[in-house]
Amino acid sequence: MKQDSDLRNNLKSIRTRLGMSQQDLANIASVTRQTISGVESGQYAPSVAITLRLAKALGCQVEDLFWLERDLPEIEAVLAKPVSNGQQLRVSMARVGGQWIAYPLIGKDAFRQDMIPADGEAVAVVRQSSLGGFPQEELPKGFPGISKLSNPKGEGTSLTGTNKVRVRLLDDNLDTLHNTVVIAGCAPVISLWARATERWHPQLRVQYNFANSMAALHSLCRGEAHIAGMHLYDPETGEYNTPFVRDVLAGREAVLITLGVWEEGLLLKSGNPMGIRTVNDLVAGGATIVNREIGSGSRMLLEQTLQKEQIPFDAVQGFDNILKSHQDVAQAVVGGVADAGMSTASVATAFGLGFIPLHQSRYDLVILKKYLEEAPVQQLLSTLGHRMVHSQFEILGGYDISKIGEVVATV
């Protein structure tokens with residue numbers, strides 16, 4: 001019988017993983033080699049009896065071998081960022097504020113250290129009719145057209161009603177997607193907190209999207225995240241984070257919960273061969289730095305420190321050499337690309353670098369009040385008092401977690 005066009009199988013991959021030839025499997029399952037070949041190529045739909053014999057021969061369940069493509073759910077979601085024309089689109093998914101958000105797994109967003117598994121594949125753009133009618137679907141070749149729907153810079157616009165896509169999930173475990181908490185931030189310890197929480201609450205999934213402090217706050221404002229992490233200091237008020245939250249959220253109610261206080265300063269080559277002690281030494285010694293992007297707490301601290309010392313930004317070599325993460329800054333110093341860069345004491349320790357402390361910054365978690373009662377968010381926040389989380393932070397060094405989990409402000 002010719003195979004149903006919706007019937008899929010991974011018979012070949014399981015067979016080859018077990019080191020079996022088609023004839024080996026045919027002998028064990030009491031079928032012909034031509035039957036195995038036909039099933040693997042999609043030209044033949046096996047009977048129930050043959051299906052059971054194949055599963056038994058391979059030591060697996062029938063569902064591990066065969067599935068119907070149409071059985072996998074498809075849901076409409078909002079893209080968290082624009083993507084290039086014609087790009088195949090793997091996405092991770094989460095439910096935020098009553099709508100599905102699709103996070104493209106592209107470039108560095110596709111990795112932490114290993115490649116991040118996808119939850120689904122975007123299969124169509126859902127265009128909003130310019131005449132105010134019902135949305136129209138466009139079935140693209142390779143997935144073109146998204147960039148035409150997107151703000152080129154991906155900034156300052158609401159996602160509601162724009163950049164919608166239809167996503168075919170890669171499995172039917174919707175419970176996992178519903179139990180996903182999305183955090184945008186730049187603190188490396190967020191991933192430690194996330195993994196410890198997932199061990200304590202196995203049904204919970206924490207998705208950590210890398211973003212600098214201001215980008216994380218805007219992501220929260222646009223409905224792309226449940227929680228934004230930030231470490232911005234306002235010298236005019238002497239406050240951490242709260243003035244920026246008030247400005248960006250513009251009247252939306254939120255709470256700020258502290259994750260800890262970390263030491264920020266200059267990363268230096270091991271042994272500090274240039275004898276750098278202050279930012280003045282960067283200029284006097286002709287040191288080259290790498291900087292962070294606008295909106296990051298590290299860049300803001302560097303600018304504030306230079307202004308305090310009345311050092312023009314362009315007097316510092318490399319001020320316009322921009323990197324996008326604490327890890328990238330550390331790797332640039334380790335690799336000799338730069339003599340110094342702004343980051344934290346814990347990152348310096350992790351990379352075996354020297355460190356000159358300049359400031360202690362409070363890292364806060366900003367959460368819209370409407371998310372506080374959601375069970376996955378409550379589960380995540382409940383682990384801030386857990387010893388397993390505290391021990392991960394303490395062993396890093398450079399963190400004061402004496403007030404971890406405290407509500408430090410409401411807006």
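In this text, all values refer to a predicted model and were calculated from it rather than measured experimentally. (Residues numbered from 1 in each chain as written. Predicted model: local features only at pLDDT ≥ 70, side-chain atom pairs only at ≥ 80, totals over all residues. Heavy atoms only, no water.)

Digging into the overall build of the chain
Using the following cut-off: Strands are runs of DSSP state E lasting at least 2 residues, helices are runs of H or I lasting at least 4, and numbering of each runs from the N terminus. The rule is simple: take the accessible area with a 1.4 Å probe, protein chains only, and divide by the maximum for that residue type; under 20% is buried, over 50% is exposed, in between is partly exposed. Should any heavy atoms of two residues lie within 4.5 Å, those residues are counted as being in contact. For the area figures, the Shrake-Rupley method with a 1.4 Å probe applies, and any residue is considered shielded solely by the protein chains shown.
Counting secondary structure elements, the chain contains 16 helices and 20 strands. Counting only residues that meet the buried cut, the chain has 48% of its 411 residues in that class. In the chain, the proportion of contacts linking residues at least 24 apart, taken out of those at least 6 apart, comes to 72%. In the form shown here, the chain has an accessible surface area of approximately 19900 Å², with 51% of it arising from carbon and sulfur atoms.

Points about the packing of aromatic side chains
So the rule is basically this: Aromatic contacts are taken between Phe, Tyr and Trp rings whose centres are within 6.5 Å, Trp giving its six-membered ring; a plane angle under 30 degrees counts as stacked, one over 60 as edge-to-face, and the others as tilted.
According to the stated counting rule, one finds five aromatic pairs in the structure shown. Ring centres 5.1 Å apart and planes at 65 degrees place the aromatic pair Trp262 and Tyr363 in the edge-to-face group. Separated by 101 residues along the polypeptide, Trp262 in strand β14 (residues 254-268) and Tyr363 in strand β18 (residues 354-368) bring together distant segments of the chain. Residue Trp262 shares its accessibility class with Tyr363, and that shared class is buried. Note on Phe313 and Phe319: the rings are 4.8 Å apart at their centroids and 15 degrees apart in plane angle, and the pair reads as stacked.

Points about unusual backbone geometry
Of note in this structure, Asn272 is not a glycine but carries a positive phi near 50 degrees. By the element assignment, Asn272 lies in the loop between β14 and α11 (279-284). Backbone geometry places Gln310, a non-glycine residue, at a positive phi of 60 degrees. As for its placement among the helices and strands, Gln310 is situated in the loop between α12 (297-308) and β16 (322-323).

A few points about the pattern of salt bridges
Going by this rule: The salt bridge definition used is simple: a Lys or Arg side-chain nitrogen within 4 Å of an Asp or Glu carboxyl oxygen.
Enumeration according to the criterion identifies 12 salt bridges in this entry. Residues Asp339 and Lys269 are paired through a salt bridge, measuring 3.4 Å at the closest nitrogen-oxygen approach. Of this pair, Asp339 sits in the loop between α13 (326-334) and β17 (340-344) while Lys269 is found in the loop between β14 and α11, placing the two residues 70 residues apart along the sequence. The exposure class of Asp339 is buried, given its relative accessible area of 16%. One continuous salt-bridge network, built from bridges that share partners, spans Glu74, Arg166 and Arg168.

What to know about the nonpolar core
To be explicit about the condition: To define a nonpolar core, start from buried Ala, Val, Leu, Ile, Met, Phe, Trp, Tyr and Cys residues and group those joined through side-chain atoms within 4.5 Å.
Ranked by internal contacts, the top residues of the largest apolar core, which has 57 residues, are Trp193, Leu217, Leu249, Leu259 and Val366. Looking at which element gives the most residues to this core, the answer is β14, with six residues. Apart from the residues lying within four places of it in its own chain, the contact partners of Leu217 are Ala228, Met230, Phe244, Val245, Val248, Leu249 and Val366. Ranked by size, the runner-up nonpolar core spans 19 residues in total, among them Ala29, Ile36, Ala57 and Cys60.

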